[in-house]
Amino acid sequence: VVKKVDLRTAANYVILTKTGISTVPSSPITGDIGVSPAAGTYMTGFSFTADSSAEFSRSSQVTGFAFAPTDSAPTPTILTIAVSDMETAYNDASQRANTQGFNIGGD
């Protein structure tokens, strides 16, 4: 039995990155997206409208919300935790042996 990698709060995002997200206008995204510590301006190709709470933004391309560390509290703290959880999950997964015999590297 292979133990699942626990994404913790990073699982709340369909795209979560430290550096940026780029898209083209016809690329729909279903779910929340976020960047941190990069600013929201590193999400390119979207047309964002800030929510009245200023805690997130909306885009017609995203069925969900877009979050950035420049949004109002508590968003920056939530993103910091999610990115930390993402890094922890990556480190966990990268240290595991491939016991299933699948080569996910494409070779």
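Calculation criteria
- Residues numbered from 1 in each chain as written.
- Predicted model: local features only at pLDDT ≥ 70, side-chain atom pairs only at ≥ 80, totals over all residues.
- Heavy atoms only, no water.
- Salt bridge = Lys/Arg side-chain N within 4 Å of Asp/Glu carboxyl O.
- Buried < 20%, exposed > 50% of the residue type's maximum accessible area, 1.4 Å probe, protein only.
- Helix = DSSP H or I, 4+ residues; strand = E, 2+ residues; numbered from the N terminus.
- Polar contact = N/O pair within 3.5 Å; in protein donor to acceptor, adjacent residues only side chain to side chain.
- Core = buried A, V, L, I, M, F, W, Y, C linked by side-chain atoms within 4.5 Å.
- Contact = heavy atoms within 4.5 Å.
- Expected span 1.5 Å × (residues − 1).
- Phe/Tyr/Trp six-rings, centres within 6.5 Å; stacked < 30°, edge-to-face > 60°.

A. Representation of the pattern of salt bridges in the model. On inspection of all chains with the given rule, the structure shows four salt bridges. The residue D51 makes a salt bridge to R58 at a minimum N-O spacing of 3.7 Å. Under the relative-accessibility criterion, D51 is labelled buried at 18%. Ionic pairing is found between D92 and R96, a salt bridge with its closest N-O pair at 2.8 Å.

B. Local environment of the side chain of T23. Relative to the helices and strands, T23 resides in the loop between β2 (21-22) and β3 (29-30). A polar contact is formed between the side chain of T23 and the side chain of Q61, at a distance of 3.4 Å.

C. Local environment of the nonpolar core. In this structure, I21, I29, I33, V35, M43, F46, V62, A66 and A68 together form the largest nonpolar core, which totals nine residues. Within the residue set of this core, elements represented by two or more residues are β4 (33-35) and β8 (62-67). With residues up to four places along the chain from it excluded, the contact list for V35 reads T17, G20, I21, G40, M43, F67, A68, P69 and L79. Residues F56, F67, A82 and V83 belong to the second largest nonpolar core, which totals eight residues.

D. Inspection of helix α1 (residues 75-94) at higher detail. Over its 20 residues, α1 extends 28 Å from the first C-alpha to the last, a length consistent with the 28 Å expected when each residue adds 1.5 Å. Where α1 is buried, its residues contact β1 (15-17), β4 and β8.

E. Main features of the packing of aromatic side chains. Enumeration over the complete set of coordinates arrives at five aromatic pairs. Here the aromatic rings of Y13 and F67 are separated by 6.0 Å at their centres, their planes lie at 90°, and the arrangement is edge-to-face. Note that Y13 is positioned in the segment before β1 and F67 in strand β8, a separation of 54 residues in sequence. Like Y13, the residue F67 is buried in the burial classification. For the ring pair F46 and F48, a centre distance of 5.0 Å and an interplane angle of 25° mean the geometry is stacked. Overall, the relative accessible area of 27% leaves F48 in the partly exposed class. An aromatic cluster is built from Y13, F56, F65 and F67, whose rings are joined through pairwise contacts.

F. Structural detail: the environment of A10. Residue position: A10 is located in the segment before β1. Residue class for A10 comes out buried when judged on its relative accessible area of 10%.

No statement about biological role is implied by the geometric values presented.
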